[in-house]
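# Structure assessment
Listed here are the chains, written in short residue letters.
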Amino acid sequence: MKQTGFFGRKELLFAAIILGLYGCNSTEKITQPIAYNHSIHVSEAGLYCTDCHVGAETKIQATLPSIKRCQTCHSEMQGESKEEAKVVEAVTNKEEIPWNRIYTLPEHVFFSHRRHVTSGKIPCSDCHGDVEKLTKPADHQLVPIQMKRCMNCHDQKSISNDCLTCHV
Ligand code: HEC
Ligand code: HEC
Ligand code: HEC
Ligand code: HEC
Ligand code: HEC
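Here is a short report on the structure shown in this document. (Residues numbered from 1 in each chain as written. Chains lettered and ligands numbered in written order. Predicted model: local features only at pLDDT ≥ 70, side-chain atom pairs only at ≥ 80, totals over all residues. Heavy atoms only, no water.)

## With respect to the side chain of His 108
With respect to the helices, strands and loops of the structure, His 108 is situated in the loop between α5 (82-92) and α6 (113-119). According to the relative accessible area criterion, His 108 is buried, its value standing at 9%. Within the structure, His 108 has its side chain in polar contact with the side chain of His 167 (distance 3.1 Å). (Helix = DSSP H or I, 4+ residues; strand = E, 2+ residues; numbered from the N terminus. Buried < 20%, exposed > 50% of the residue type's maximum accessible area, 1.4 Å probe, protein only. Polar contact = N/O pair within 3.5 Å; in protein donor to acceptor, adjacent residues only side chain to side chain.)

Spelled out as structure tokens, the structure:
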């Protein structure tokens, strides 16, 4: 009985992987609707990563911030930039900014932020690079998501590299 269940999952895994191969498009450059600046917010405004990516310590997904996170400071102009004016406009109209995702995984891979950030104590920069230094949005994954990278670290830290640890 156990065996049947296992092969059932494996077949699903390979079916999903084949679908994943067709969905792949990782060389495309990503642009954002507003030229957000990480450096100003982390170094000058003194915000923590988790003030905006509120799920990073406690949830599977780190999440991108809703407009509510911006409204505390941007209901009025703080400076004079055109990019900030777009944020003030979105706050005034209570509109979400349609950010584009840079880091995504195929459907058949499971990854949890809480597990890595809180239990594993891995810094954001190990997987995302020096985000706090960015003065404009990244247009690609600064640290590319690769199965090889996941597995190298798991090897070093003696975490399971069984296919079904990551593939669901
Ligand atoms: C004031 C809110 C805010 C703070 C603080 C903040 N970020 Fe962000 N972050 C954003 C916004 C908005 C985006 C989307 C625009 C962009 O990519 O620049 C983003 C995008 C990202 C992305 C790309 C995610 C994806 O797949 O699209 C990563 C990774 C990231 N931030 C990591 C960090 C880290 C690490 C820190 C702390 C050093 C941090 N952020 C601090 C607002 C914030
Ligand atoms: C061990 C590697 C690793 C670490 C550490 C890590 N991330 Fe991620 N991050 C990922 C992966 C992989 C994805 C893609 C996840 C997906 O598609 O479900 C991602 C996606 C994101 C995204 C896109 C939105 C989302 O909800 O998936 C943001 C924002 C982000 N990470 C921020 C952070 C911040 C902030 C930290 C530190 C507090 C952090 N990450 C730590 C690997 C990591
Ligand atoms: C704690 C206060 C605070 C929060 C919260 C905040 N910001 Fe800012 N933001 C600032 C400050 C301070 C500046 C610098 C203004 C200046 O001097 O030009 C700024 C500037 C900006 C600029 C102009 C960047 C540039 O290079 O000129 C943009 C765009 C921006 N913020 C977007 C956002 C977005 C989007 C959010 C919500 C996800 C957000 N901010 C949340 C304080 C904040
Ligand atoms: C820099 C090191 C590092 C990287 C990179 C990394 N991991 Fe991990 N991973 C860990 C550590 C450490 C743990 C154990 C955390 C704990 O103590 O719970 C873990 C645990 C896990 C678990 C839970 C394992 C279990 O036995 O329950 C999964 C699933 C996982 N990682 C998936 C991934 C995926 C998918 C990637 C790549 C996108 C990845 N990891 C990249 C270090 C890493
Ligand atoms: C530590 C996590 C982890 C483990 C363990 C793992 N994988 Fe992966 N695998 C990933 C991630 C993340 C991706 C997506 C990124 C990529 O293609 O490199 C992936 C992608 C793949 C792909 C390519 C599919 C595509 O969409 O391009 C195949 C095939 C695959 N894995 C098979 C396996 C097999 C077979 C095993 C067991 C020997 C295994 N994986 C173990 C994390 C893992």
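## What about the packing of aromatic side chains?
Ring pairs (aromatic) are described by centroid distance and by the angle formed between their planes. Scanning the entire structure with this criterion turns up one aromatic pair. Ring geometry for Tyr 36 against Trp 99: centres 6.3 Å apart, planes inclined by 70°, an arrangement best described as edge-to-face. Remark: Trp 99 occurs in the loop between α5 and α6 and Tyr 36 occurs in the loop between α1 (2-23) and α2 (38-44); sequence separation between them is 63 residues. Under the relative-accessibility criterion, Tyr 36 is labelled partly exposed at 26%. Judged by relative accessible area, Trp 99 falls into the partly exposed class, the value being 23%. (Phe/Tyr/Trp six-rings, centres within 6.5 Å; stacked < 30°, edge-to-face > 60°.)

## A closer look at the coordination of the iron atom of ligand 3
Protein coordination of the iron atom of ligand 3 is provided by His 41 (NE2) and His 74 (NE2), with donor distances spanning 1.9 to 2.0 Å. Around the iron atom of ligand 3, the six donor atoms sit at angles spanning 86 to 179°, and that spread fits a shape best called octahedral. You can see His 41 sitting in helix α2 and its partner His 74 sitting in helix α4 (residues 68-74), a full 33 residues away along the chain. We classify His 41 as buried; its relative accessible area is 18%. (Donors = N, O, S within 2.8 Å, 3.2 Å for Na, K, Ca; no water. Tetrahedral: all angles 85-135°; square planar, octahedral: opposite > 155°, others 65-115°.)

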